[in-house]
Amino acid sequence: MLVAGVDSSTQGTKIVVRRADTGEPVRAAQAPHPDGTEIDPRHWWEALLAVCADGMLEGVSAIGVAAQQHGMVALDSAGEVVRPALLWNDNRSAGAARDLIAELGGPRAWAQAVGSVPVASLTVTKLRWLAEHEPANAARAERVLLPHDWLTWRLTGGTGGGEALTDRGDASGTGYYSPAEGAYRTDLLRAAFGRDLATPRVAGPADTAGPVRAAGLPGIGTVSVGTGDNMAAALGLGAGPGDVVVSLGTSGTAFAVAEEPTADPSGLVTGFADATGRFLPLVCTLNAARVLDAGARMLGVDLAEFGRLALEAPSGAHGLTLLPYLDGERTPNLPDATGRLDGLTRANLTPPAIARAFVEGMLCGLADAVDALTAQDVPVRRVLLIGGAARSAAVRAIAPQILGRPVVVPEPGEYVADGAARQAAWALAGTAEPPEWGSTAAAETYEADPAPGVRERYAQARAALTGTA
Ligand SMILES: Nc1ncnc2c1ncn2[C@@H]1O[C@H](COP(=O)(O)OP(=O)(O)O)[C@@H](O)[C@H]1O
Ligand SMILES: O=C(CO)[C@@H](O)[C@H](O)COP(=O)(O)O
């Protein structure tokens, strides 16, 4: 029996087909999404149809969708989107986040209410922005979904009979759902938007959303409830207690599966739920793999050559320090920040030093993320490195220096899509726990002497930028 898992992430859609019982890979495909921080969801649907073409779903008995978290998909009474979705990395609602925090009585009140302090990424702030800036669109909105909710709904029939569903994991990133209570905070949604909006029913981790009823796709009997991409990655990796996953995709994330919810009033750690009934404390940066993409483009080289250059320079990049806030930043919360390259001299203005500084700067943001998790008593027994940029030999070699501990790199793969496929297999099996699909046995461990000096210079540069030096 075969299952399929879909990852509809920021830069593209990926699909994997695996055997339901063992997880053995069978086939895979991917299709890109257009760039930008707002996007018409029909592009996600078209990418999903593209990866399902050419017999991809032949013999598949269940399918699940995981997607980028937080995106605001507002629908009207006919089920049409009222405007392009605002994505997790769209910073226009930063002011709305500040207002919402003040209105509820400060960050601690939010952390206690929903496990997270609003920043521009969270859906609740996008709803406030919509109400304030696009009253005509806001007036048409009847329902709010997240990217994975919308795709799952379309798969199961959409306006032709699908029920809008979500799961705890993705719901926990909205800012109007309490993972600790397992319930929506409709009062917070109403306070943000000015009136009620319909929200999808929160189904259980192994529930079925229905059969595939979308035109142009085979009538697969089981669509699992789906989840957010980070929750799916944890499920795909089989992350256990003590595992901290560092993912270097469009976003940089550090997260762990936890038995208890977190409520960090500093706002650094967002207290999400996972895809199995547990919790997923997570730190997210806006600047990860695409920092390297931009650096390589600037130097006029491909990613392989960029990595080779980075390894040519010594640790510390001859004194260069990159603050990688190329898309603003979410953690730390600096939505209007821009990047900064400190320490330039005539001697160090070389491609190797610049490439090294880009890799080190990106990784320093993630090292701070891991520290924020440990400050919330999240145990770190080992660090697992995944995501597109983990394919870079330079990143793999430099990561243990900057993270200050050995780094386990599982075989490169699509762990979000794998998690979605494993959830589909779980829905099919109807068991209490997801099927055992083996572990990260093919992982390689990278070790190196820690480079605390690099992090100290980074912290100084960051403090100078934020005026806290
Ligand atoms: N060998 C590599 N070296 C560095 N970056 C890479 C490499 N391969 C892929 N990437 C980068 O990984 C990113 C995509 O990662 P992925 O985890 O698929 O992101 P997302 O899930 O956010 O769409 C792209 O920015 C791409 O340039
Ligand atoms: O906002 C977050 C997590 O809170 C991001 O991690 C998004 O879920 C997008 O992920 P990628 O496209 O980078 O996988």
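What counts as what
- Residues numbered from 1 in each chain as written.
- Chains lettered and ligands numbered in written order.
- Predicted model: local features only at pLDDT ≥ 70, side-chain atom pairs only at ≥ 80, totals over all residues.
- Heavy atoms only, no water.
- Helix = DSSP H or I, 4+ residues; strand = E, 2+ residues; numbered from the N terminus.
- Rg over C-alpha atoms; globule rule 2.2 N^0.38 Å.
- Buried < 20%, exposed > 50% of the residue type's maximum accessible area, 1.4 Å probe, protein only.
- Polar contact = N/O pair within 3.5 Å; in protein donor to acceptor, adjacent residues only side chain to side chain.
- Contact = heavy atoms within 4.5 Å.
- Near = heavy atom within 4 Å.
- Areas by Shrake-Rupley, 256 points an atom, 1.4 Å probe, with all protein chains shown as cover.
- Nonpolar A, V, L, I, M, F, W, Y, C, P; charged D, E, K, R; others polar.
- Domains from an automatic or database assignment.
- UniProt positions renumbered as here; feature names shortened; annotations may be inferred.
- Buried area = accessible area lost by both parts, 1.4 Å probe.
- Salt bridge = Lys/Arg side-chain N within 4 Å of Asp/Glu carboxyl O.

Notes on the overall build of the chain
Each helix and strand in the chain was counted, giving 15 helices and 24 strands. In summary, the chain has a C-alpha radius of gyration of 21 Å against a globular reference of 23 Å for 469 residues, a match within 12%. Principal axes of the C-alpha set define a box for the chain whose edges measure 65 × 50 × 40 Å. Counting over 469 residues, the chain shows a buried share of 59%.

So, the side chain of Asp7
Position of Asp7 among the secondary structure elements: in strand β1 (residues 2–8). Of note is the side chain of Asp7, whose polar atom sits 2.4 Å from the side chain of Ser9. When residues no more than four places from it in sequence are discounted, the contact partners of Asp7 are Gly12, Thr13, Lys14, Ala66, Asp229, Glu414, Val416 and Ala417.

A few points about the site of ligand 1
Surveying the vicinity of ligand 1 reveals 15 residues, the closest of which are Gln11, Lys14, Thr250, Asp293 and Gly388. Gln11 places a side-chain nitrogen or oxygen 3.1 Å from an oxygen atom of ligand 1. Gly388 is positioned such that a nitrogen or oxygen atom in its backbone is 2.9 Å from an oxygen atom of ligand 1. Within the complex, 77% of the 580 Å² of free accessible area of ligand 1 lies under protein. No other element matches helix α10 (residues 289–299), which puts three residues into the shell around ligand 1. Class assignment of the residues belonging to the shell around ligand 1 gives a composition of three nonpolar, eight polar and four charged. Each of domain 1 (2–230) and domain 2 (240–405 + 439–468) contributes no fewer than three residues to the shell around ligand 1.

Things to note about the UniProt feature "domain: Carbohydrate kinase FGGY C-terminal" (unreviewed entry) in the chain
Here, UniProt's "domain: Carbohydrate kinase FGGY C-terminal" (unreviewed entry) annotation points to residues 245–428. The span residues 245–428 is 39% helix and 18% strand, and its two end C-alpha atoms sit 27 Å from each other.

Quick notes on the side chain of Thr331
The residue Thr331 is located in the loop between β20 (321–323) and β21 (340–342) in this model. Polar contacts involving the side chain of Thr331 include one to the main-chain carbonyl oxygen of Cys284, which spans 2.6 Å.

Things to note about the site of ligand 2
Around ligand 2 lies a shell of 15 residues, among which Thr10, His70, Asp229, Ser251 and Arg330 are the nearest. Ser251 is positioned such that a nitrogen or oxygen atom in its side chain is 2.7 Å from an oxygen atom of ligand 2. In this structure, an oxygen atom belonging to ligand 2 sits 2.8 Å away from a side-chain N or O atom of Arg330. Protein burial of ligand 2: of its 370 Å² of free accessible surface, 95% is covered by the chains. For the shell around ligand 2, a count of residues per class yields four nonpolar, nine polar and two charged. Taken domain by domain, the makeup of the shell around ligand 2 includes at least three residues from each of domain 1 (2–230) and domain 2 (240–405 + 439–468).

A few points about the UniProt feature "domain: Carbohydrate kinase FGGY N-terminal" (unreviewed entry) in the chain
UniProt feature "domain: Carbohydrate kinase FGGY N-terminal" (unreviewed entry): in the numbering of this structure it lies at residues 5–236. Along residues 5–236 one finds 33% helix and 24% strand; the C-alpha atoms at either end are 10 Å apart.

Quick look at the domain arrangement of the chain
Partitioning the chain into structural domains gives domain 1 (2–230) and domain 2 (240–405 + 439–468). Computed over C-alpha atoms, the centres of domain 1 and domain 2 are 26 Å apart. Facing 31 residues of domain 1, the contacting portion of domain 2 comprises 32 residues. Buried area between domain 1 and domain 2, both sides added, is near 2,300 Å², and the carbon and sulfur share of it is 56%. Taken as a group, Trp88, Arg168 and Asn230 account for 24% of the area that domain 1 buries against domain 2, more than any other trio of residues on that side. Taken together, the links from domain 1 to domain 2 amount to two salt bridges. We note a salt bridge from Asp274 to Arg168, for which the minimum N-O separation is 3.9 Å. The interface formed by domain 1 and domain 2 includes 10 residue pairs in polar contact (both at pLDDT 80 or more). If you list the elements that add at least two residues to the side of domain 1 that touches domain 2, you get α2 (94–104), α3 (107–114) and α7 (168–171).

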